[in-house]
Amino acid sequence: LPEQAWINPFQIYFGHVEEIYCTDFETDDAGFTHELVAGQEQEGADDWMWGKPMGFGGDPDYAASGEYVWGNDLGGEINGSQYNGEYQNDKHNRLTMPAVDVSGYDQVVLSFDRWLNVEDGHYDQANVLANGEVVWSNHSTNQNNGVEHHRDRQWVPQTVLVETNETMDMSFGWEIISDRGLSMGGWTIDNVCVYGVVEPELDADDVDGPKS
């Protein structure tokens, strides 16, 4: 595990950290916002939804914890329209979390559970953003070998280590940029946390070396 591990391995951070922010989306949508960045405005173009995953389009039918998640097109009937769980073609949409105070930290760790299904990055891009800058993207090949798609088959832990560059606040985002061809289930995310990286406290033996 996971399937196609050379494309989408488990990612876990080891080190000393302090919790800055965490949400599991169970109480509410945590104030996350979403928008259609580019593409024709139409129903479902900005397809980010907070709710219970329905298992459409390769998405899970259960949350990583609890019942609620954020994701692209969670599927099912909404306002009389039937959603198939897949992001639309030729669209760029984005989910953004509220900014958090990262002052005092040189590095922070974004941690979340994901279930991502997206076409080879040569065609469709699933990005993670930090203050609008891409800090992670799905695996990409080239036009001659554009079939190495990212297909999660289970909830996958993902961490991204980010330099703060002395910024006071930082906001993270998730986006899909699709072409005019194949579409998939996109992002489903749960248990989003931000941690500040701290130096471990050393005792006298650690600093001075072993005693004889």
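To keep things clear, this report deals only with the structure shown in the data block. Every residue gets a number counted from 1 within its own chain, in the order that chain's sequence is written. Since the coordinates come from a predicted model, pLDDT governs what is reported: local features require at least 70, and pairs of side-chain atoms require 80 or more to be given and counted, while whole-chain, interface and lining totals use all residues. Calculated side-chain values reflect all of the structure's heavy atoms, with hydrogen atoms and water omitted.

Re the overall build of the protein chain
Then comes step 1: Runs of H or I in DSSP of at least four residues are treated as helices and runs of E of at least two as strands, each being numbered from the N terminus. Within the protein chain, the regular secondary structure consists of one helix and 17 strands.
Then comes step 2: Between the two quantities, the radius of gyration covers C-alpha atoms and the globule rule is 2.2 Å times the number of residues to the power 0.38. In terms of overall dimensions, the protein chain is globule-like: its C-alpha atoms have a radius of gyration of 19 Å, near the 17 Å expected for 212 residues.
Then comes step 3: Oriented by its inertia axes, the alpha-carbon framework of the protein chain measures out at about 75 × 40 × 30 Å.
Then comes step 4: Counting only residues that meet the buried cut, the protein chain has 45% of its 212 residues in that class.
Then comes step 5: Put simply, 78% of the contacts in the protein chain that link residues at least 6 apart link residues at least 24 apart.
Then comes step 6: Accessible surface area values rest on a Shrake-Rupley calculation with a 1.4 Å probe, where residue burial reflects the displayed protein chains alone. A total of about 10,700 Å² of accessible surface is found on the protein chain, and carbon and sulfur atoms cover 46% of it. Between buried and exposed lies partly exposed: a residue is buried under 20% and exposed over 50% of the maximum accessible area for its type, with that area taken using a 1.4 Å probe on protein chains only. Should any heavy atoms of two residues lie within 4.5 Å, those residues are considered in contact.

Quick word on the sheet that holds strand β16 (residues 172-177)
Then comes step 1: When DSSP finds two or more bridges between a pair of strands, those strands are recorded as paired. Sheet architecture is open: five strands sit in the order β2-β7-β16-β11-β12, paired in antiparallel fashion. With one partner strand each, in any of the chains shown, β2 (33-38) and β12 (133-137) form the two edges of the open sheet. On average, adjacent strands in this sheet sit at an angle of 25° to one another, irrespective of strand direction.
Then comes step 2: When strand β11 (residues 125-130) meets β16, the two strands line up antiparallel, connected through six bridges. Within β16, the position partnered with N127 by the bridge is E175. What counts as an axis is a line fitted to C-alpha atoms, over the stretch in contact for a helix, and the angles between N-to-C directions run from 0 to 180 degrees.

Describing the nonpolar core
Within soluble globular proteins, side chains that are nonpolar tend to cluster in buried spots.
Then comes step 1: Here, the term nonpolar core denotes a set of buried Ala, Val, Leu, Ile, Met, Phe, Trp, Tyr and Cys residues that are joined through side-chain atoms within 4.5 Å. Among the nonpolar cores identified, the biggest contains 32 residues, and F32, F172, W174 and W187 are the most heavily contacted of them.
Then comes step 2: Those elements that provide at least two residues to this core are β9 (107-114), β11, β14 (156-163), β16 and β17 (188-197).
Then comes step 3: Each residue touching F172, except ones within four places of it in the same chain, is listed here: L95, T96, M97, V108, L110, L129, A130, V162 and V194.

Topic: the state of the cysteines
Linking two cysteines covalently through their sulfur atoms gives a disulfide.
Then comes step 1: Criterion for a disulfide: a pair of cysteine sulfur atoms within 2.5 Å. Counting across every chain of the model gives one disulfide.
Then comes step 2: Residue C22 pairs covalently with C193 via a disulfide, S to S 1.9 Å. Looking down the S-S bond of the C22 and C193 bridge, the torsion is 120°, so its handedness is right-handed. Residue C22 is found in strand β1 (residues 17-23), and its partner C193 is found in strand β17; the two are separated by 171 residues along the sequence.
Then comes step 3: C193 gets classed as buried once you look at its relative accessible area, which sits at 10%.

Observations regarding the packing of aromatic side chains
Then comes step 1: Working definition: a ring pair exists when centres of Phe, Tyr or Trp rings (six-membered ring for Trp) sit within 6.5 Å. Plane angles under 30 degrees give stacked, over 60 give edge-to-face, the rest tilted. Overall, the coordinates contain nine aromatic pairs when judged by the stated rule.
Then comes step 2: Judged by centre distance (6.4 Å) and plane angle (15°), the rings of F32 and W70 are stacked. Of the two residues, F32 is situated in the loop between β1 and β2 and W70 in strand β4 (residues 69-72); the sequence distance between them amounts to 38 residues. Each member of the pair, F32 as well as W70, carries the same accessibility label: buried.
Then comes step 3: One aromatic cluster is present, formed by F25, F32, W70, F112, W136, W174 and W187 through successive ring pairs.

Topic: the environment of C193
Then comes step 1: In this structure the C-alpha to C-alpha distance between C193 and N138, which are 55 residues apart in sequence, comes to 20 Å.
Then comes step 2: If we ignore the near neighbours within four places in the chain, the residues touching C193 are Y21, C22, V109, L110 and S111.

Brief notes about the layout of surface pockets
If you roll a probe as big as a water molecule over the atoms, it shows you where there is empty space left.
Then comes step 1: Reported here for the largest pocket is a volume of approximately 150 Å³.
Then comes step 2: Lining the largest pocket are 14 residues, with I12, Y13, S111, T159 and Y195 sitting closest to its centre.
Then comes step 3: Elements with a contribution of two residues or more to the lining of the largest pocket: β9, β14 and β17.
Then comes step 4: By residue number, the principal contributor to the lining of the largest pocket is β9, which donates four residues.
Then comes step 5: Residue classes in the lining of the largest pocket are distributed as seven nonpolar, six polar and one charged. For each structure, a 1 Å grid was placed over the protein atoms alone; sets of points admitting a 1.4 Å probe that cannot get out are labelled cavities, open sets with protein on both sides within 12 Å along at least five of seven lines are labelled pockets, and lining residues have an atom within 4 Å of a point. Grid points are joined across faces, edges and corners, and a volume is the space filled by probe spheres set on the points. The nonpolar class holds Ala, Val, Leu, Ile, Met, Phe, Trp, Tyr, Cys and Pro. Asp, Glu, Lys and Arg form the charged class, and all remaining residues, Gly among them, are polar.

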